[in-house]
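Architecture and fold: a report
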Amino acid sequence: MDTRQLEYFAAVADELSFTRAADRVFAAQSTVSAGIQSLERELGAPLFERDAHGVRLTDVGEAVLAEARAGLQAVERMRELSDSAGPLRGTVRVGIFTNLTTVDLPGVMGEFHRRHPQVDLRLGPSPSGSTGLVEDVRQGRLDIAFHGLPDAVPDLMTRPLADSPFLAVLPEAHPLAGRSSVSLAELAPEPWVDARTGFGNRVTLDRAFAGLGLSRRVPTELADLGEIPRFVAAGLGVAALPELTIIPAPGAVVRPLREPVEWRLSAIARTRPGRAAEALLTLLAERIGAA
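The subject of this paragraph is the packing of helix α1 (residues 3–15) against helix α3 (residues 29–43). Packing of α1 against α3 leaves a shortest axis separation of 9 Å and a crossing angle of 105 degrees. On the basis of their axis angle, the class for α1 and α3 is roughly perpendicular. Where α1 approaches α3, its residues Q5, L6, Y8, F9 and V12 are matched on the opposing element by T31, V32, G35, I36, S38 and L39. Residues that form the contact of α1 with α3 fall into these classes: seven nonpolar, four polar and no charged.

Mapped onto the fold, H147 is located in strand β5 (residues 144–147). Note on H147: relative accessible area 3%, which makes it buried. There is a polar contact of 3.4 Å between the side chain of H147 and the backbone nitrogen of L149. In this structure, H147 is in contact with F97, S130, V134, V153, R264, L265, S266 and I268, ignoring residues within four places of it in sequence.

Below, the discussion takes up the environment of S183. Tracing the backbone shows S183 in the loop between β6 (157–171) and α7 (184–187). Taking the C-alpha atoms as reference, S183 lies 5.1 Å from R258; in sequence the two are 75 residues apart. Once residues lying within four places of it in the same chain are set aside, the contact partners of S183 are R258 and E259.

Attention shifts here to the pattern of salt bridges. Tallied over the full model, the rule gives 24 salt bridges. In this structure, E40 engages R50 in a salt bridge whose closest nitrogen and oxygen atoms are separated by 3.3 Å. Here E40, found in helix α3, pairs with R50, found in strand β1 (residues 48–51); they are ten residues apart in sequence, far enough to count as distant. The partner of D163 in a salt bridge is R264, with the nearest N and O atoms 2.8 Å apart. With a gap of 101 residues between them, D163 in strand β6 and R264 in strand β11 (residues 262–269) connect regions that are remote in the sequence. For R264, a relative accessible area of 44% puts it in the partly exposed group. It is possible to trace a salt-bridge network through shared partners that takes in D194, R202, D206, R216 and E221.

As a further point, take the packing of aromatic side chains. Tallying each qualifying case throughout the model produces five aromatic pairs. Seen from their ring centres, F9 and F48 are 5.6 Å apart, and the 70 degrees between their planes marks the pair as edge-to-face. In this pair, F9 is assigned in helix α1 and F48 in strand β1, connecting sequence segments 39 residues apart. Overall, F9 belongs to the buried group, its relative accessible area being 1%. Ring centres of F97 and F146 lie 5.9 Å apart, and the angle between their planes is 45 degrees; on these two criteria the pair is classed as tilted. Of the two residues, F97 sits in the loop between β3 (90–95) and α5 (105–115) while F146 sits in strand β5, which places them 49 residues apart along the sequence. This pair shows no difference in class: F97 is buried, exactly as F146 is. Members of the aromatic cluster, each reached through a chain of ring pairs, are F9, F18 and F48. We note R216 situated over the ring of W192; from NZ or CZ to the ring centre the distance is 4.7 Å.

Rules used throughout
Residues numbered from 1 in each chain as written. Predicted model: local features only at pLDDT ≥ 70, side-chain atom pairs only at ≥ 80, totals over all residues. Heavy atoms only, no water. Axes fitted to C-alpha atoms, helices over the stretch in contact; angles between N-to-C directions. Helix = DSSP H or I, 4+ residues; strand = E, 2+ residues; numbered from the N terminus. Parallel < 35°, antiparallel > 145°, perpendicular 65-115°, else oblique. Contact = heavy atoms within 4.5 Å. Nonpolar A, V, L, I, M, F, W, Y, C, P; charged D, E, K, R; others polar. Buried < 20%, exposed > 50% of the residue type's maximum accessible area, 1.4 Å probe, protein only. Polar contact = N/O pair within 3.5 Å; in protein donor to acceptor, adjacent residues only side chain to side chain. Salt bridge = Lys/Arg side-chain N within 4 Å of Asp/Glu carboxyl O. Phe/Tyr/Trp six-rings, centres within 6.5 Å; stacked < 30°, edge-to-face > 60°. Lys NZ or Arg CZ within 6 Å of the ring centre and 35° of its normal.

Right, here's the structure in full:
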C-alpha cells in the first residue's frame, strides 16, 4: 500500500467517477483503476460498486475512507515538518461562500498567492451551505471552509471573522417597504424566499423565529443567497439576510429588523492544519476581520 493508492481512492470517493478522479490527480484512468484494484486486493474487499449507473462506495469503502484521508493528512504533515524552514508548498482546498458582497475574497487570495506562490488554491462552494462545508472539512475533503452556523463546531478549529446583522428584504411595493424598520412578527405571515435548509443564515433565522414563538412558510428556496433579493423583487415573497450577503436588486428594498439578529462568519479547519492552511487562516482573519 502506498500513498498514491490512497490519493486515487480519496479522489474516486469524492468524484464518484474514475474519469474525473484521474483528471484531478493528473493520472491516466487506467492507472487510477489499477491502483484501486491493487488497494482492494491488499484490503481483501471491494471499495467501490461499479455498474451502468456509476460508481458508489461499498460499506467497506465508507468505513476505511476516513482512515485513508487521515493517512494522507499525516503524510502531508510529516513532509511539512521536515521542511519547516522552507517556502510553503502544496495545495489548500477552501470551501467558500459566493455571495459575500463586502469581502474582497479575490484580493485576499491574490495576496496569499503573492506571499506563497508555490501553494495551489482550490476554491468552491457547497450546495448545502455551511452544513455541507463543515462536513467536508470534518471528512478531509476540504482544508478550510467558511462557516455561518450559530453553533460551535467542537471537533474543528474555528477563527471568527466578522459579525453581520440581518436586514429585511422586501418588494418595493410591499406595504411594509415604507417603514423605517420592520419586525419578524410583521413578516412571519408572509411567504418567504430563503436559502435551503442547512445554510447557516437559514438556521440562525429559524432559531430567531422559534425564540419568539413564531413560525413562517418558505415556499421558495435557493442555493445562492446572492439571488434572493432578485426573487424578492419578482414578488415571490420577503426575506431577511445578513448584511454581508445582500446583493442589491432593482425592485427590492432593505430595512432594519426591530429584533436584532446577528450572523457570525467564521473560518474552520482541522485541529492541526498544515502550514499553508494555517497561513491562509491567519490572512483571512487579518483581512476580513479588519474589513
